[in-house]
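Per-entry structural report
Listed below, chain by chain, are the residues.
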Amino acid sequence: MLDPERAHSLASFFGKVYQSTPLIPSALDSLFTVEDGALISDVFGLDFANPVGLAAGFDKNAELVDFFAHLGFGFTEVGSVTAKPWSGNKKPRMFRLPDDCAIINRMGLNNYGAQVVASNLEASERPYPVGVNITKTADNDIIGDKAIEDILFSFDILYPSADYITFNISCPNTKDGKTFEDPDSLDSLLREMRKRESIPPVLVKISSDIGHFALDGVLDVGYRGLFDGLVVANTTSKRKGLVSDPSYVEKIGVGGLSGHPIRERSSQLIRLIYSLTSGRMPVIGVGGVDSAESAYDKIKSGASLVQLYTGMIYQGPFVARDINSGLSELLEKDGFKSVSEAVGVYVR
Ligand SMILES: Cc1cc2nc3c(=O)[nH]c(=O)nc-3n(C[C@H](O)[C@H](O)[C@H](O)COP(=O)(O)O)c2cc1C
């Protein structure tokens, strides 16, 4: 019944209290975690105890890193983080579509900025792989070389505390959020990142709305060895196939749609990428994951790991546990000894 952003703030407040209360989180870990060797995998050279991660956007400022490990997630991705602190768009900017198990958001990259997020990461225990999602500050005057400098500023501050970096080229909520879908700009930026020493794996997060031409351009950059994997996919600006009252949807206005309505589109993209790259480009599959079946579908489509955001809003705090225990059963039923054996079986 609560306004969605208020509910998010309350949940975050609870999470912060929970993770900082001595002994309670570890005492309750067994309620949330599923231990099964079949769920363990090595992706991008990192060890994951299970393949279910929290998607970018929930913990923008890395304040809940340890909390989500206690909730049974196998990894988390904080951010999107920008060089400068940013307040985002005017509220309200987050809306539920319960009949579609979906959310529309136009947060506009609100976050405390790279410096604060780096301190928060340093202060957390990071008990599992922590990805840091960075993107360009949502300031339309930052373009061209200034855009590259802006992202490198965040990258340099954050990569030492990150197990992997995701570069988000797909924000639907800023005027020029997709600048780096242009392969030449993406190439130049990633080459600069790669001049740094001991950088973690770098992934690129693409939009659900990416066209074939733009996808080919991004993959070409990947074939040159400039990034290590893809996060597929961000929200869509489209409104196709919704069952919610069209006048309510229209009243909400612009924003990225997530949850069930993007599930199939994201799986299609994952299958396409798996077949175009012969499975050589590791993918984190995200979009409409909220059950063991939907996570398994992403894995069989070609995702080595999955993430979710909207699924947690509708399914609640046991979502990672439920997905992991269901995945264990599904893998066993199909005779797979590990998640990695099931990756891409639809397309192979
Ligand atoms: C309220 C909200 C805020 C989001 N913020 C970000 C963000 O800052 N950066 C990003 O890369 N993705 C962001 N996302 C997109 C999610 O990470 C994810 O790609 C998308 O929601 C699809 O997954 P889902 O269907 O499980 O929600 C956001 C999603 C929601 C719902």
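Our subject is the structure listed above.
Parameters at a glance
Residues numbered from 1 in each chain as written. Predicted model: local features only at pLDDT ≥ 70, side-chain atom pairs only at ≥ 80, totals over all residues. Heavy atoms only, no water. Helix = DSSP H or I, 4+ residues; strand = E, 2+ residues; numbered from the N terminus. Rg over C-alpha atoms; globule rule 2.2 N^0.38 Å. Buried < 20%, exposed > 50% of the residue type's maximum accessible area, 1.4 Å probe, protein only. Contact = heavy atoms within 4.5 Å. Areas by Shrake-Rupley, 256 points an atom, 1.4 Å probe, with all protein chains shown as cover. Lys, Arg positive; Asp, Glu negative; His and termini not counted. Charge placed at Lys NZ, Arg CZ, Asp CG, Glu CD. Axes fitted to C-alpha atoms, helices over the stretch in contact; angles between N-to-C directions. Parallel < 35°, antiparallel > 145°, perpendicular 65-115°, else oblique. Nonpolar A, V, L, I, M, F, W, Y, C, P; charged D, E, K, R; others polar. Near = heavy atom within 4 Å. Polar contact = N/O pair within 3.5 Å; in protein donor to acceptor, adjacent residues only side chain to side chain. Expected span 1.5 Å × (residues − 1). Phe/Tyr/Trp six-rings, centres within 6.5 Å; stacked < 30°, edge-to-face > 60°. Patch = residues over 30% accessible without salt bridge, like charges linked within 9 Å, V, L, I, M, F, W, Y side chains within 5 Å. Salt bridge = Lys/Arg side-chain N within 4 Å of Asp/Glu carboxyl O. Pairing = 2+ DSSP bridges.

Within the protein, the regular secondary structure consists of 13 helices and 13 strands. Computed over the C-alpha atoms, the radius of gyration of the protein is 19 Å, within 12% of the 20 Å expected from 2.2 N^0.38 for a compact globule of 348 residues. Relative to its 348 residues, the protein shows a buried fraction of 59%. Long-range pairs, those at least 24 residues apart, make up 75% of the contacts in the protein between residues at least 6 apart in sequence. Carbon and sulfur atoms form 54% of the exposed surface of the protein, whose accessible area is close to 14,700 Å². With 34 positive and 44 negative side-chain charges, the protein shows a spacing of 5 Å between the two charge centroids.

Right, let's talk about the packing of helix α9 (residues 260–276) against helix α10 (residues 292–301) for a bit. Close contact between α9 and α10 brings their axes to 8 Å; oriented N to C, the two are set at 25°. With respect to α10, the element α9 is oriented roughly parallel. Together, R263, S266, S267, I270, R271 and Y274 of α9 and S294, D297, K298 and S301 of α10 make up the contact between the two elements. By residue class, the composition of the contact of α9 with α10 is two nonpolar, four polar and four charged.

What follows concerns the site of the ligand. In the region of the ligand, 24 residues are neighbours, and A56, S80, G259, G288 and T310 sit closest. Within the side chain of K60, a nitrogen or oxygen atom sits 2.9 Å from an oxygen atom of the ligand. One of the backbone N or O atoms of G259 is found 2.8 Å from an oxygen atom in the ligand. Protein contact buries 97% of the 600 Å² of open area that the ligand shows by itself. Contributions of two or more residues to the shell around the ligand are made by β4 (75–81), β6 (102–105) and β11 (256–259).

One turn of the α-helix equals 3.6 residues, which is why residues spaced by three or four share an orientation. The first and last C-alpha atoms of helix α7 (residues 212–223) sit 16 Å apart over 12 residues, in line with the 16 Å expected at 1.5 Å per residue. Within α7 the residues assigned to the buried category are A214, L215, G217, V218, L219, V221 and G222. Buried residues along α7 sit against α6 (183–194), β9 (202–206), β10 (229–232) and α9. One or two positions beyond α7, positive phi appears at G225, with a value near 75°.

Our focus in this paragraph is the packing of aromatic side chains. In this structure the tally under the stated criterion is 13 aromatic pairs. Ring centres 5.4 Å apart and planes at 65° place the aromatic pair F58 and Y309 in the edge-to-face group. Placement of the pair is F58 in the loop between β3 (52–54) and α3 (65–70) and Y309 in the loop between β13 (305–308) and α11 (310–315), with a sequence separation of 251 residues. No difference in accessibility class separates F58 from Y309, as the two residues are buried. Arranged with centres 5.1 Å apart and planes meeting at 65°, the rings of F67 and F68 form a pair that is edge-to-face.

Our next topic: a nonpolar patch on the surface. A contiguous nonpolar surface patch, about 300 Å² in accessible area, is contributed by I24, L28, L31 and F318. As for its placement among the helices and strands, F318 is situated in the loop between α11 and α12 (319–333). Since its relative accessible area comes to 30%, F318 is described here as partly exposed.

Moving on: the pairing of β6. A regular strand places its side chains so that they alternate between the two faces of the sheet. Residue alternation in β6 divides its side chains into two sets, A102 and I104 and I103 and N105, and both sets are buried. Pairing between strand β5 (residues 94–97) and β6: four bridges, direction antiparallel. Bridging across to β6, R96 finds its partner in I103. In this structure, the hairpin formed by β5 and β6 is closed by a connection of four residues, where C101 is found at a positive phi of approximately 45°. One ladder, built from four bridges, connects β6 with β11; its direction is antiparallel. Its bridge partner lying in β11, A102 is registered against G259.

Turning our attention to unusual backbone geometry. With omega at 5°, the peptide bond leading from G79 into S80 counts as cis. Among the structural elements, S80 can be located in strand β4. Following K91, the chain continues into P92 via a peptide bond in cis, with omega recorded as -5°. Note that P92 resides in the loop between β4 and β5.

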